[in-house]
Structure formats: structure tokens, C-alpha cells
Amino acid sequence: MTESNYVPKEPLVIDCNIERTLDVIGGKWAFLVLRELFCGTRRFGELQRLIPAVSPRALTSTVRHLEEQGVLERHVFPTVPVTVEYTLTPKGEDLHQMFKEMKLWAAKWT
């Protein structure tokens, strides 16, 4: 990961960036993965247990996408078997407020 992924931009003009946001976090399982990571660092197996409906392949694809977007970091430990942990970056942590607002909206309107 490059350092630039962790430096927020100061927008001169705020465009409607909803589509760009959805490109980052709009995958089917991304919201559930992020929800679990808001509670702290998780191992791959923990994420699988916490989100039982997700297949290993879909979970792998989701965490790879989020890592490529700079939302989470993947840490590999040289153990047998290999231990892999995922942690939110500052960019990922910044999504927490948006999730809280969505939760409030759902409580009010659904």
C-alpha cells in the first residue's frame, strides 16, 4: 500500500460521489465484512464464522477488493497454517459514521 491511500483529500467542490463510494464498498458482502472489522482486527476464519452465509471464495474476493481500495490492511504471519488478519485503515475507519447513519435510517424507516 502506498502512503497516499491514508491521506484524506480536502475537496474544493463536493460533487455527488455516491457512485464512487459504492465502487469502493458496494460489494454484496463488503458491508458485513466492514461491520465486523469495526469491532477490531479479525482473522479470516473469524470473519467466516461471523458471516456464515458467505462462501470462502466470496469472502476472499471481498477482502481483496477492500484491500485494493485501501479500506483494510492484510497482515500475514508465518505460522503453520498461515495466519491472516485484517484491520481497517484510517480510510476504512472513516466509514464508521456513515454506517451509523445508515443504521439509524433503517431503524426509522424499515
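Higher on the page you've got the structure.
As a starting point, this report considers the structure included with it. Numbers given for residues are sequential positions, taken from 1 along each chain in its written order. In view of the model being predicted, local features appear only for residues whose pLDDT reaches at least 70, and side-chain atom pairs are presented and counted only at 80 or more, with totals across whole chains, interfaces and linings using the full set of residues. Values reported for side chains reflect all heavy atoms of the structure, with hydrogen atoms and water molecules removed beforehand.

1. Thoughts on the overall build of the chain
- Only DSSP runs of H or I covering at least 4 residues are called helices, and only runs of E covering at least 2 are called strands; the numbering of each starts at the N terminus. In terms of helices and strands, the chain carries six helices and three strands.
- Burial here depends on accessible area, computed with a 1.4 Å probe over protein chains only, as a share of the maximum for the residue type. Under 20% is buried, over 50% is exposed, and the range in between is partly exposed. By the burial criterion, 26% of the 110 residues in the chain qualify as buried.
- We call two residues in contact when some of their heavy atoms are within 4.5 Å. For the chain, contacts bridging at least 24 residues in sequence account for 53% of all contacts bridging at least 6.

2. What about the pattern of salt bridges?
- A pairing counts as a salt bridge when a side-chain nitrogen of Lys or Arg comes within 4 Å of a carboxyl oxygen of Asp or Glu. Under the criterion given, the structure shown has three salt bridges.
- We note a salt bridge from Arg42 to Glu36, for which the minimum N-O separation is 3.9 Å.
- Since its relative accessible area comes to 9%, Glu36 is described here as buried.
- Each of Arg35, Glu36 and Arg42 takes part in salt bridges that share partners, so that together they form one network.

3. Some remarks on the environment of Pro56
- One can find Pro56 in helix H4 (residues 56-68).
- Along the sequence, Pro56 and Gly45 sit eleven residues apart, while their C-alpha atoms lie 9.1 Å from each other.
- Setting aside its immediate chain neighbours within four residues, Pro56 contacts Phe44 and Gln48.

4. Describing H4
- Spanning 13 residues, H4 covers 18 Å between terminal C-alpha atoms, matching the ideal 18 Å at 1.5 Å per step.
- The complete set of buried residues in H4 reads Leu59, Thr62, Val63 and Leu66. One side of H4 carries all its buried residues, which in axial view fall inside an arc of 90°. Residues of H4 that are exposed and point more than 90 degrees away from the buried face comprise Arg57, Arg64 and Glu68.
- In the core, the buried residues of H4 are packed alongside helix H1 (18-25), helix H2 (30-37), helix H3 (44-50), strand S2 (72-77) and strand S3 (83-88).
- Just downstream of H4 lies Gly70, where phi reads positive at about 80°. What a helix is expected to span follows from its residue count: subtract one and scale by 1.5 Å. Think of it as the arc spanned by the lines of direction from the helix axis to the C-beta atoms.

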